[in-house]
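Observations on the three-dimensional arrangement
If you want the building blocks of each chain, they are given just below.
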Amino acid sequence: MDKKIILASLLLVVNLLVPAKLFAQKPAHVFITAGQSNTDGRVNNAELPGYIKQFATDTVDFKTGAYRYCQISQNRNDGHFESYFPKGRITEGLWTYDAVTYYLLEQALQEEFYVIKYAVGGTSIQYPNDTVKGRFWSANPAWLANTSSFEKGGKSLLKSFTESIDAAIDSTLSKLENGYTIDAFLWHQGESDDRYEEQYYENLKAVVAYVRNHLTAKTGQDYSALPFVFGSIPKSNRHFRQGIEEAQQRKAKEDPNAWLIDMSAQELQKDRTHFNARSAEYLGQKMYAVLDSIQYRNRPDFSVAKYKDDKSCAISYTFDDGTLEHYTLVFPKLKELGFEATFWVNGNTIDKAEKEGLVNKLPRISWAQLKEMADAGQEISNHGWAHKNLTKCTEEEARIEIEKNDSAIETRVGVRPVTYCYAGNRKNEMAIRLASENRVGTRISQQSLGGKASPEKLKAKIGSLLQDHSWWVTMTHGINEGYDIFKSDTILWNHLTEVKKLEDQIWVATFRDVAAYSTERDSIKLTTKAQGKKTYIIPSLSLDQRLFCQPLTMVVNKKGIENIRVKQDGKTIAVKIDRDKALFDFDPYGGEIQVKLK
């Protein structure tokens, strides 16, 4: 049996909730349900599950009541909806599988949703047919062209069903503030086709295609892949025919958007035709489980990647104090590998070196060299004007220490720093408050990368980063001379080369870029609306765009993605497809993003 035929062992999973942050203001969910008597309902409401009886206002016969969120238009052509409580087309006090499905949807969605239901007992999808009902679900084009809906004096139940859908759309759904989307087509039928088993496959296929095509034409949205979820007929049913079951199985196997629930072993009432309470509840649970697994979990899931390009972890290599080696040794290696790093400098030290040569017995980098590095993409940032311990300064002295260096770097390098590194890593509440003004971040924590480094330790560190998905901020002073130098500079060069080999998993970027990205990622809000195969996403970010200006990476998780088109503000965005996800960078301050899966 095909794996898409839902077996009796399928577990019920109640996990339909979607994060409110991503799916606020989404369109209303709509489900369409149709079939014959086992869809209309033939189980007495006295046998309703207790979790549904709680909604009854009639606590004797349980004939009246109201669900919290489910609104239904049942066998009507006026488009009117009312609060749902189980009842048959003609007789109150009868229920079937869909009562359980709607209950479970309520528990998961926790918001108003809509059902359009049309069911008539004893009806077939075959025409011609001598059934006493004189009404048919047939999608035979020639016959449909010469008949009308039952409500208009004709014999077509398919037209009755689609006209009830149209009325619901025109009268109610089209007027909903956030729109609507039809999520699935639920169906149970086949008993009255027991004499037409050879025709059943083509007839069923035609009915499903007719409904999908009608919805597409009516709404302008593509419903050609609308999920069709249906149940088979128990083998103990007096109308069971092997040919009907095989036709249903074939439909589920050949249609990638059809799911058959195996009811072959389920129980019936004494009439050997209609579900009893146990089998009705079972089918309702399985209907919901299918919706959960294919309609919601397989819906594209949109989220902002933790790191750019959805990489597993991030590293910011930072170098303190502006020694000449940072220009003569580190900068060339970074250029060779295509890496960008952060260099924390003290303006006073650079000025002294340009006038006096060595400072603290070390050659220092020049302003011209720093500008060259900045022009090549390296971050040149603030380590304090004179490397003062801010915790020993008055607030005014600390402000001068910070701002004077900002001005010097901006004047000589051409870029005003938006990050800060505390001299000696010493900080207190005052220092952090002052240094954080008009910045994307300050170096609060770091790990030394220098004299204690070894190939083994660095390999282990990379392994833990990939496992923990964390951000490693390094601190390096000297390379071959100065403070905390390496035992051999090849330890650093080899390490950087090994990281380069893992650049599909590790984001190597400046402290500025990772800090800005992280804050934007944690602050952005997304409003998402799904319409057919298109999803519209509106980003909202309330940060200072002059400081926080990193594009963010959107992750689209959906099994079997093959083709996807993305636009923001009308401009096409490049997309990378990687197995069951797609990635694209977007402007967090931009307008609507349109995502279309093909």
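This section reports on the structure supplied with the text.

1. Brief notes about the pattern of salt bridges
Overall, the coordinates contain 32 salt bridges when judged by the stated rule. In this structure, the salt-bridge partner of Glu-403 is Arg-399, at a minimum N-O distance of 3.6 Å. In this pair, Glu-403 and Arg-399 both sit in helix α13 (residues 395-413), four residues apart, roughly one turn of the helix. Take Glu-403: its relative accessible area is 38%, and that puts it in the partly exposed class. The structure contains a network of salt bridges with shared partners spanning Glu-395, Arg-399, Glu-403, Glu-429, Arg-433 and Glu-437.

2. Description of the pairing of strand β26 (residues 581-586)
Most of β26 sits inside the fold, with five of its six residues counted as buried. Two elements, strand β22 (residues 552-557) and β26, share six bridges in a ladder whose sense is antiparallel. When the sheet's bridge partners are listed, Leu-552 is paired in β26 with Phe-586. Relative to β26, strand β25 (residues 576-578) runs antiparallel, the two being bridged by three bridges. Note that in β26 the partner of Asp-578 across the bridge is Lys-581. In this antiparallel pair of consecutive strands, β25 and β26, the connection spans two residues, and Arg-579 shows a positive phi of 55 degrees.

3. Focus: the environment of Leu-48
Along the chain, Leu-48 turns up in the loop between β2 (43-44) and α3 (50-53). A relative accessible area of 4% places Leu-48 in the buried class. A sequence separation of 379 residues divides Leu-48 from Lys-427, and the C-alpha atoms of the two residues are 66 Å apart. If sequence neighbours within four positions are ignored, Leu-48 has contacts with Lys-53, Phe-62, Phe-85, Pro-86 and Trp-95.

4. Quick word on the environment of Gln-221
You can see Gln-221 is positioned in the loop between α7 (200-219) and β8 (228-231). Separated by 319 residues in the primary sequence, Gln-221 and Ser-540 have C-alpha atoms spaced 27 Å apart.

5. Digging into the sheet that holds strand β3 (residues 70-74)
Strand order across the open sheet formed by seven strands is β4-β3-β6-β1-β7-β8-β9, with mixed pairing between neighbours. Each edge of the sheet is formed by a strand with only one pairing partner; in this case those strands are β4 (82-83) and β9 (258-261). Note that strand β1 (residues 28-35) and strand β7 (residues 180-188) share eight bridges and pair parallel. Directly across from Ile-32, in β7, lies its bridge partner Phe-185. Its contacts with the sheet put α7 on β1, β7, β8 and β9, and the angle it makes with β7 is roughly 165 degrees. Packed on one face of the sheet, helix α8 (residues 242-254) meets β8 and β9 and runs near 140 degrees to β9.

6. Thoughts on the packing of helix α6 (residues 157-171) against α7
The interhelical angle for the contact between α6 and α7, taken along N-to-C directions, is 25 degrees, at an axis separation of 11 Å. Taken together, α6 and α7 sit at an angle that is classed as roughly parallel. The handedness of the crossing between α6 and α7 comes out as right-handed. Contacts between α6 and α7 pair Leu-158, Lys-159, Phe-161, Thr-162, Ile-165, Asp-166, Ile-169 and Asp-170 from the former with Val-207, Tyr-210, Val-211, His-214, Leu-215, Lys-218 and Thr-219 from the latter. In terms of residue class, the contact of α6 with α7 is built from eight nonpolar, three polar and four charged.

7. Section: the packing of helix α12 (residues 367-375) against α13
α13 packs onto α12 with a crossing angle of 75 degrees between their chain directions and a minimal axis gap of 9 Å. In terms of orientation, α12 and α13 fall into the roughly perpendicular class. On the side of α12, the interface is formed by Trp-367, Leu-370, Lys-371 and Ala-374, while α13 contributes Ala-408, Ile-409, Arg-412 and Val-413. Here the residues of the contact of α12 with α13 are counted per class, giving six nonpolar, no polar and two charged.

8. Some thoughts on α6
Look at α6: 21 Å from first C-alpha to last across 15 residues, which is about the 21 Å you get at 1.5 Å a residue. Among the 15 residues that make up α6, 12 are buried, leaving the element largely enclosed by the rest of the structure. Inspection of α6 places Leu-157, Leu-158, Lys-159, Ser-160, Phe-161, Thr-162, Ser-164, Ile-165, Asp-166, Ala-167, Ala-168 and Ile-169 among the buried residues, and these make up the whole buried set. Packed against the buried residues of α6 are β1, β6 (113-119), α5 (141-144), β7 and α7. The residue sitting at the N-terminus of α6 and contributing the capping side-chain oxygen is Ser-156; that oxygen lies 3.4 Å from the backbone nitrogen of Leu-158.

9. A short note on the sheet that holds strand β17 (residues 447-448)
Strand pairing within a sheet occurs via backbone hydrogen bonds; the two strands may be parallel or antiparallel. Sheet architecture is open: four strands sit in the order β17-β18-β11-β19, paired in parallel fashion. The sheet is open, and its two edges are formed by β17 and β19 (506-508), each paired on a single side. Of the pairings in the sheet, the one linking strand β11 (residues 313-316) to strand β18 (residues 471-475) comprises three bridges and is parallel in character. Note on β18: the bridge partner recorded for Ala-314 is Trp-471. On the sheet, helix α17 (residues 511-523) packs against β11, β18 and β19 and is oriented at approximately 150 degrees with respect to β18.

10. Examining the nonpolar core
Within the largest apolar cluster, 41 residues are counted, with the highest numbers of intra-cluster contacts made by Ile-32, Trp-137, Phe-161, Phe-185 and Trp-187. Top contributing element to this core by residue count: α7, with seven residues.

11. Some points on the packing of aromatic side chains
Evaluation of the coordinates by the stated rule reveals 27 aromatic pairs. Residues Phe-55 and Tyr-67 carry aromatic rings whose centres are separated by 5.2 Å and whose planes lie at 45 degrees to one another, so their mutual orientation is tilted. Of this pair, Phe-55 sits in the loop between α3 and β3 while Tyr-67 sits in the loop between α3 and β3, and the two are 12 residues apart along the sequence. According to the relative accessible area criterion, Phe-55 is buried, its value standing at 7%. With a relative accessible area of 3%, Tyr-67 lands in the buried category. Following the ring pairs from residue to residue traces out a cluster consisting of Tyr-51, Phe-55, Tyr-67, Tyr-84, Phe-85, Tyr-102 and Tyr-103. Just above the ring of Phe-62 sits the side chain of Lys-53; from NZ or CZ to the centre is 4.6 Å. Here the basic side chain of Arg-250 rests over the ring of Tyr-201, its NZ or CZ set 3.8 Å away from the ring centre.

Cut-offs applied
Residues numbered from 1 in each chain as written. Predicted model: local features only at pLDDT ≥ 70, side-chain atom pairs only at ≥ 80, totals over all residues. Heavy atoms only, no water. Salt bridge = Lys/Arg side-chain N within 4 Å of Asp/Glu carboxyl O. Helix = DSSP H or I, 4+ residues; strand = E, 2+ residues; numbered from the N terminus. Buried < 20%, exposed > 50% of the residue type's maximum accessible area, 1.4 Å probe, protein only. Pairing = 2+ DSSP bridges. Contact = heavy atoms within 4.5 Å. Axes fitted to C-alpha atoms, helices over the stretch in contact; angles between N-to-C directions. Parallel < 35°, antiparallel > 145°, perpendicular 65-115°, else oblique. Left-handed = near helix turned anticlockwise from the far one by under 90°. Nonpolar A, V, L, I, M, F, W, Y, C, P; charged D, E, K, R; others polar. Expected span 1.5 Å × (residues − 1). Polar contact = N/O pair within 3.5 Å; in protein donor to acceptor, adjacent residues only side chain to side chain. Core = buried A, V, L, I, M, F, W, Y, C linked by side-chain atoms within 4.5 Å. Phe/Tyr/Trp six-rings, centres within 6.5 Å; stacked < 30°, edge-to-face > 60°. Lys NZ or Arg CZ within 6 Å of the ring centre and 35° of its normal.

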